[in-house]
Every structure is written in C-alpha cells, then in structure tokens.
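Now for the letters of each chain:
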Amino acid sequence: MSDRAYVAERILPDEEPPAASIGFVGWLRANLFDGFWNSMLTVAAALILIRFVPPLVDWLFLDAVWGDAPPDACREAAGACWAVIWEKHRLILFGRYPYQEHWRPVLGMAILITLVGFSCNRANWRAWLVGAWALGLAAFFALMWGGFFGLTFVPNVLWGGLPLTLLLAIIGIVVAFPVSMLLALGRRSHMPVIRAICVCYIELIRGVPLISLLFMASFMLPLFMPTGVNIDAMLRAQIAIIMFSSAYLAEVIRGGLQAIPRGQFEAAEAIGLGYWKMQRLVILPQAIRLVIPPIVNTFIGLFKDTSLVAIVSLTDLLLATRQAVSDPLWRAYFVEGYIFIAIIYFCFCYFMSKYSQYLERQFYTGQTRN
Amino acid sequence: MRLTGLAVAAAALLGVSGPAMAGATLDAVKERGAVRCGVNSGLAGFSIADSQGRWTGLDVDVCRAIAAAVVEDAEKVEWVPLSAQQRFTALQSGEVDVLSRNTTWTLTRDASLGLHFTVITFYDGQGFMVPANLGVDSAKDLSGAEVCVQSGTTTELNLADYFRANGMEFKPVVFESFEESKTAFFNGRCQVYTTDRSGLASLRASDAPNPKDYVILPEAISKEPLGPAVRRGDDEWFSIVKWVIYATIEAEEYGVTQANVDELKANSENPVVQRLLGVSGEMGKLLGLDNEWAYRVIKQVGNYGEIYDRNVGPDTPIGLDRGMNDLWTRGGLMYAMPIR
C-alpha cells in the first residue's frame, strides 16, 4: 500500500550514550586521553607527579618535626623542621618590637586589615571612608608608638616584621594611588609647565630601580643633613616606595585615560562640567575601570617590593626572617623559615588578585565576553 | 648648617676627614640618655636578635659596656642595625655614636672614611676548612682544589691573592648567599670552604652533619682585626670608647668579674683594682665621667673574658677557643693600656 521503504511507527527510546563517553571514563577521555599526544602528556605528567609529590608530602608533613621541639630533634628527623617556626615566630612576625608588648602590633594589624576589608565593599565608598582611614591609621600609630595610658613608648626603629611590611604596603598604596591619578592627568594636561613636570617625574623615577631610590634615600640624604638631624629611616623608605609606585601607576592610569573616546570629554563639557568635575564624574571612573588588572598588578608588585627595604636595614618580614634563621642553632632550617613567609606573602597577594576579579565582575557588566 | 652638611658630604665623597666637633658626642649621649650604636643586622655571636628580639653578641656587649659607663645603664642603647654599605655613612652623618659592627681595621678605612678605630675587640683571620678524610693538614697542599666561597666579599679577593702568591691553582665555586655556599660544601660540591676563622668554627660546630668529619687548617691567610669605630673630630668620645674596652680587658687580667666586683670594690688591696673600680684616683673624672664608670661596666656587662665566653666561647654554638684573643699574659694579643 505504501510506496515508502520504511516508516517509523514509534519513537525509539533514548539510548544511553556509549559508556566510554560519559561519567568518569568519559571525562578522562575528553580531558586527559584525547588523542595520542594528549595521552602521552598525561602519562608523562602523572609520572612526574608520582615521582615528586609523595617525597614532598613526606618532607612537608609526615616526617616533619612539629610544635615545640629542640633543634636536636630536627637534626634526627628526615622531614621539615617546623619547630624553627614555633621557636622563632614571634621574631619573624614582629621583629624587635618589645616581646611583652606584642599584643599591640597584633591589634594594630587587625585595625589595618579591618580597614582594608571594609574599604573593599563598594557600598562603603563614601566620603566618610576617608575619615575612617584617618581614624584607623591614627589608632594604629598610637597603639604602635604608645607613650600614654601606661603604654611604654616604642620608637619606630623597633617596629618590624609583618606590621612593618603591611604598613609600608598599605600606606604606599593609599598614598600612591591618588598621587598617580594627578600625575596621569598632569601628563595629559594642556598646561606646558605641569605637563613637563609630570613627564620628567615619571620618566626619571621609572628610569631607575627602586633599590637605587632606597639607597639614595638612606645614604645620600643623611650626608646632606646637618649632623644630628635625621629624617626617620622608615619615613625615608616609605617616601621612596610611594614615589616609585606612583610613577608606575600614573602610566597605567594614563593608559585607561587614552582609551576614553573624545566624545565623552565633549559630552561632559557640553553639559557644563568644569575640568575637575568632568574628570571626577565622567572620565576617571570609566578609565580606572578599564585598567583594574594592571593597577592590581602594580599593587601586588608594590607589596612584594617592600621586602627591598631590608637593604636599608628596616626589619621587614624578610629581614626579620633572615635574622631568625641566622641563629646558629637553627640556621640549618632556613628553608622552612622562607617557606613560612612565602605562604604569608602568597595569602596577601592572592587576596588582592581575587579582589580584582571581583571588581571586574562588578564593573565590566556591559563589556564581558562570556 | 646645611652648608656644613654639604661640606661633610663632599669631604666624605672625596675621601677627606670630617670637621672637628670636640666633645659634642658625650653631651648629646648624656642629654639623650642613651648611646646610639650601629650593629650588624644578623651575625651569630657578634650581633643577633634572639627569639625574644633581644640583641646578643660580642659587638652588642661592647655597646652595652659603653652605655653602662656613660649613661649608667647597660640597657640604655638605641640599636641601629646597619648593612655593610650603610655603616660608614651612618657614622659620618651622626646617625650612630659608635659603630660596633664587625668592621675590619684597615689603612684605607682609617685614613679616608672620617672615622677612628678605637681598640680591637676580636682578632680574626681568613682560614680554610676541609673534610677530614681529604687527608690535608696544611693550606699549602690545596693546589688544584675546588673552593666554595661567598661572592662580593674581601674573602674572595684574599683567596685569589693567597693562591697566586703561593703559585697554586684553584677553582673558585662562587655563591651569592651564605646558605647556598655552606650547603654546597657539606654536599661535597667542593673540597674546601673559606671564610673568617670565627665563621668556620661556628659552621663546623653548628652546621656540619658530624663536626669530627671536618678540620680547620692552621693557616690564617689574612688579618681581620675587628673593633668599634667612632667619628673623627671628637677626641673626648674617642677616649671614652677606647678606655671602656681597655677596662674590660684590664678587669679580666686582674681577676675582676661580674660576680666578685662588689667584694673586690669593698676589700681589694690591689692599687690597680682600686683605681679601676674608682676606690682611689680620679680616673673617671679625667675621661669626663664619674669614678664608678668601670665598676658599672664590670657589674652590668662583665669583663672581656666573660663577654667573650658568653657570646662566642667554647660553650656557645659558635664554639671558639680564645686563641689570639686571649690575654697577653696567656700568650694572646689582648693587652690593655694601664689604667693609672
């Protein structure tokens, strides 16, 4: 009756996909054994992991000496000597700050970190945040210096370890950021003198390594001062860090400014905004949004660059660790000391990196690709 | 004032000595109530912060002794840790009153950096350490050896000079850091390790897997006399630092220790001890101090032998015998000028 060769009279039930393409096996095939070369790579990587991971785990955890142990216990153990951290953690974290007073830098750091955490929330980006910072920093310095309410005075040559690193980095970022905005605007200014000053500053500072700025600040400056008059070493290093970072940041922000189409400037002018209002309300918010990744890049660099102040004998986290591991009883375990501070540095840098990704998600709503 | 500063800077750069400012340092120290002392930021046995962050070491105790004599309290010291490059600038610019930072006394430094070395507190010299099973007992047998050495120090220079002067070949294996170089040596990367003999002794005592497997060869290939330095132009302060150190050496020679100083002060019939401890004579007054200056030094810090034993002696991890640093009466080089 029908001249058709085949008529489907019922809909076939869905077949399960082949066993080899679903579930764990399917995932393996798709991701690890996708063709000859990928399979070879997987096998090679697996061999390398098998060769190196178990000994590493043994060294780091299983054979390691934990807690309060004498150096002799470490000599006998095959693994890492975390006892050195136990013994020296106060020196590493707080440098030569008086031992009985360590609660003060702890509290001080808590204030700094709270301030930073608080400022990370966009809802708090209001004018009063500046006041909160002024208050918080004043509390930090009051706590660290002391000299009132029965707190002993601790001169800042004794500050060290993590509080010093955080202080240099946070003040560096907080001050360098606005300075760099002014520099970036100055470099694009139509006023020749301002432009020349900004260009000279940026090119000069960018043209020398941070280390040479620190050297200049700590060796040349004192020679030009009258005998007995000294600018505080910490302040000198802090200024060098701010000068250096602001030059770099200025170029990053200028990159963002260059990307703003001319129409935005014209539109801002057309609705009657003056120069500062135009920059503040229209141009900078768009420009900075575009350059969040390189800005955070510079901040992370700045954070790690604070370790260079060890060269001018400020006892930052790195130098405090070096002091801790030059103790002849413990100096065989310097690797453990460096691993410990590497973890600390990583935590802070990773936080900054994650925060920048959060900001990008917040701001790039109209420009994301996926 | 600023012009003076410029002149000092120019003078320092040109290698001329600084201007004279007699007596100013003592007044400044007394007014401040503390001695500003430049120390190494971390060298075991000489100046190092312990686990509680307190400074210990031989160079550090020298500063404590000065503070005990001048401001009557050995703890009244403001420590200024200095890097090797920073140290002379810090002294020239007045950032520190005394530089007690394992600094070798050489002609160049004495004559061109605007400073005066006072008294040697530690005689050191560069030496060699080899594994015992190498069967070498003199540096003269080291021809052709691979030598582990830290870069950028005079150590490297002395090494080359010594081998060239003796017509021997060597292969330097150079490392940037102390940790790298010592690890390389103990792993057998080279047969010889060279640094100052005090450093070798502590390396052998604290870092060698088994100290008996390593020997320090008898030759010292350089002289490294270490001592505190002060700024030029303040002779009064120069004398004070000098005599504080002499007082610690004199005290050891006459058996005055931290433990018996009170008893000797009350009972000793020895005129030398009486003058030292201010019972008779006006020794302190002549220095611009009070007559109990040396008594306080011994009481609070100890005599030279005690300072030595506490920081670098055989019972410490550094484990150094007195050797050249023994008193002249026992065949060493420590000889204090008479306090009279």
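All values reported here derive from a predicted model rather than from experimental measurement. (Residues numbered from 1 in each chain as written. Chains lettered and ligands numbered in written order. Predicted model: local features only at pLDDT ≥ 70, side-chain atom pairs only at ≥ 80, totals over all residues.)

Let us now look at the sheet that holds strand β5 (residues 98-99) of chain B. All names here are of chain B. Taking strand neighbours across the sheet as the criterion, the five strands line up as β4-β1-β5-β14-β6 in an open arrangement whose pairing is mixed. Bordering the open sheet on either side are β4 (77-82) and β6 (115-117), each of which pairs with just one other strand. Relative to β4, strand β1 (residues 35-40) runs parallel, the two being bridged by six bridges. In the strand pairing of β4, Val35 is matched with Val77. (Pairing = 2+ DSSP bridges. Helix = DSSP H or I, 4+ residues; strand = E, 2+ residues; numbered from the N terminus.)

This part is about the environment of Ala259(A). Residues and elements named next belong to chain A. Topologically, Ala259 is positioned in the loop between α10 (233-258) and α11 (262-270). Classification of Ala259 by C-beta neighbours within 10 Å gives exposed; the count is 11. With near-sequence residues (within four places) excluded, Ala259 lies in contact with Ala287 and Leu290. (Buried ≥ 20, exposed ≤ 12 C-beta atoms within 10 Å, placed from the backbone. Contact = placed C-beta atoms within 7 Å.)

Moving on: the interface of chain B and chain A. Every contact between the two is made by 36 residues of chain B and, on the other side, 33 residues of chain A. If you list the elements that add at least two residues to the side of chain B that touches chain A, you get α1 (2-14), β2 (48-49), β4, α4 (87-92) and α8 (197-206) of chain B. Take the side of chain B that touches chain A: its biggest share by element is seven residues, from α1(B). Along the lines of polarity and charge, the residues of the side of chain B that touches chain A split into 16 nonpolar, 15 polar and five charged. (Nonpolar A, V, L, I, M, F, W, Y, C, P; charged D, E, K, R; others polar.)

Right, let's talk about the domain arrangement of chain B for a bit. All names here are of chain B. Entries for chain B in the domain assignment read domain 1 (20-123 + 225-323) and domain 2 (126-222). Centre-to-centre, using C-alpha coordinates, domain 1 lies 32 Å away from domain 2. Facing seven residues of domain 1, the contacting portion of domain 2 comprises five residues. For the side of domain 1 that touches domain 2, the per-class residue count stands at five nonpolar, two polar and no charged. (Domains from an automatic or database assignment.)

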